[in-house]
Amino acid sequence: MTTQPKKLLAVIEFFAHARLTGLYKELGFDVTAEGRVRKAVSLVRKLQPDVIVADFYFQSDFRDRLSNLESLLATAQPLTETRILLLYDPQDEAALDKVRQRMRVDAALPMPVADEAIRAVLSGWR
């Protein structure tokens, strides 16, 4: 009896993080990568992934939100078994803290992020 690999949705907005899909696969995840948050929101509904890894950023010109990911995070909140890892720029930590007060984020790692740090978080979620 074989178990299905866990599904990981990688929301990659920073080009440098595209390389991380290889690490996710190495850890045994079935990876779906998406570069647009809007499309990722529909993938969360469709796939109901076990893990979401996403690039977080703050822009002061967002009119009604603090970050690029609030729609995605809101969609994932009812999926209580889905684990959420955000990769963020340390200068955006205050904005991330505000988002975390309103929405569940299971882990957050500052960039530049080492493969070992991602491996440590995701290994516990396999």
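Above this note sits the structure.
Residues numbered from 1 in each chain as written. Predicted model: local features only at pLDDT ≥ 70, side-chain atom pairs only at ≥ 80, totals over all residues. Heavy atoms only, no water.

The next point concerns the side chain of Thr75. For Thr75, the location among the structural elements is in helix α3 (residues 70-76). A residue is classified by how much of its surface remains accessible, and Thr75, at 17% relative accessible area, is buried. With near-sequence residues (within four places) excluded, Thr75 lies in contact with Val41, Val44 and Arg45. (Helix = DSSP H or I, 4+ residues; strand = E, 2+ residues; numbered from the N terminus. Buried < 20%, exposed > 50% of the residue type's maximum accessible area, 1.4 Å probe, protein only. Contact = heavy atoms within 4.5 Å.)

All right, on to unusual backbone geometry then. Pro112 follows Met111 through a cis peptide bond whose omega is -5°. Relative to the helices and strands, Pro112 is located in the loop between β5 (107-110) and α5 (115-123). Its identity as a non-glycine residue notwithstanding, Gln48 has a phi of 45°, on the positive side. Note that Gln48 resides in the loop between α2 (37-47) and β3 (51-56).

Okay, the sheet that holds strand β4 (residues 83-88) next. Strand order in the open sheet made by the five strands is β2-β1-β3-β4-β5, with parallel pairing throughout. Edge positions in the open sheet fall to β2 (30-34) and β5, since each of these has one partner strand only. Each adjacent strand pair in this sheet contributes to an overall mean axis angle of 15°, direction not counted. In this structure, β4 lies alongside β5, joined through four bridges in parallel fashion. The partner of Leu85 across the bridge, within β5, is Ala107. Lying over the sheet, α2 contacts β1 (7-11), β2 and β3, oriented at roughly 170° with respect to β1. (Pairing = 2+ DSSP bridges. Axes fitted to C-alpha atoms, helices over the stretch in contact; angles between N-to-C directions.)

On to the pairing of β3. Burial analysis of β3 places six of its six residues in the buried class, the great majority of the element. In this structure, β1 lies alongside β3, joined through four bridges in parallel fashion. Considered in β3, the bridge of Val11 is made with Ala54. Bridge count between β3 and β4: six bridges; the pairing is parallel. Bridging across to β4, Phe56 finds its partner in Tyr88.

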